[in-house]
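Per-entry structural report
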Amino acid sequence: MSAQHATAHLDEPIDQAAATVVHVAAARSWSIVSGASDRHRLVFSKGWTATSWSGRLTVVLDAVGPAETRLTVEGGRAVPAIDWGRGRE
């Protein structure tokens, strides 16, 4: 899996932002990894499909203000089940 990072801001308090992230992730078939997640660090995983192996995302939430939260998303693209010769990318 190649690592990728992204940063975004939500105009929501940190608890509401966490709930929003969990809701959006669930809508896209990502499951939260309990035990690896806490209030400010959410870890999600996705099972394998016919076209890719499982994936993993980590979302770190930082309160910027009382009604603003910065999200840092770390993850990468899942390795395809059949790489079609792209394995060295």
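Report follows, based on the coordinates.

Cut-offs applied
- Residues numbered from 1 in each chain as written.
- Predicted model: local features only at pLDDT ≥ 70, side-chain atom pairs only at ≥ 80, totals over all residues.
- Heavy atoms only, no water.
- Salt bridge = Lys/Arg side-chain N within 4 Å of Asp/Glu carboxyl O.
- Helix = DSSP H or I, 4+ residues; strand = E, 2+ residues; numbered from the N terminus.
- Buried < 20%, exposed > 50% of the residue type's maximum accessible area, 1.4 Å probe, protein only.
- Polar contact = N/O pair within 3.5 Å; in protein donor to acceptor, adjacent residues only side chain to side chain.
- Core = buried A, V, L, I, M, F, W, Y, C linked by side-chain atoms within 4.5 Å.
- Contact = heavy atoms within 4.5 Å.
- 1 Å grid on protein atoms, 1.4 Å probe; cavity = no way out; pocket = protein on both sides within 12 Å on 5 of 7 lines; lining within 4 Å.
- Points joined across faces, edges and corners; volume = space filled by probe spheres on them.
- Nonpolar A, V, L, I, M, F, W, Y, C, P; charged D, E, K, R; others polar.

In this structure the tally under the stated criterion is two salt bridges. The partner of Arg 39 in a salt bridge is Asp 15, with the nearest N and O atoms 2.8 Å apart. Note that Arg 39 is positioned in the loop between strand E2 (31-32) and strand E3 (41-46) and Asp 15 in helix H1 (residues 14-27), a separation of 24 residues in sequence. Since its relative accessible area comes to 46%, Arg 39 is described here as partly exposed. Across the salt bridge formed by Asp 62 and Arg 70, the nearest N and O atoms sit 3.7 Å from each other.

A separate point is the side chain of Thr 69. Within the fold, Thr 69 resides in strand E5 (residues 68-77). Of note is the side chain of Thr 69, whose polar atom sits 2.8 Å from the backbone oxygen of Glu 12.

Turning next to the nonpolar core. By size, the foremost hydrophobic cluster in this structure holds eleven residues: Ile 14, Ala 17, Ala 18, Val 21, Ala 25, Trp 30, Leu 42, Phe 44, Val 59, Leu 61 and Leu 71. Elements with a minimum of two residues in this core: H1, E3 and strand E4 (55-65). Here this core gets five residues from one element, more than from any other, and that element is H1. Aside from chain neighbours lying at most four places away, what touches Leu 61 is Ile 14, Ala 17, Ala 18, Arg 39, His 40, Leu 42, Thr 69, Arg 70 and Leu 71.

Bringing the side chain of Thr 58 into the picture now. Along the polypeptide, Thr 58 turns up in strand E4. By relative accessible area, Thr 58 is classed as buried at 11%. Setting aside anything within four residues of it in sequence, one finds Thr 58 in contact with Arg 41, Leu 42, Val 43, Thr 72, Val 73 and Glu 74.

Turning our eyes to something else, we now look at the layout of surface pockets. Looking at the largest pocket, its volume works out to about 220 Å³. Looking at the lining of the largest pocket, the elements with two or more residues in it are strand E1 (2-10), H1, E4 and E5. The greatest single-element share of the lining of the largest pocket, amounting to four residues, is contributed by H1. Taken together, the residues of the lining of the largest pocket break down into eleven nonpolar, two polar and one charged.

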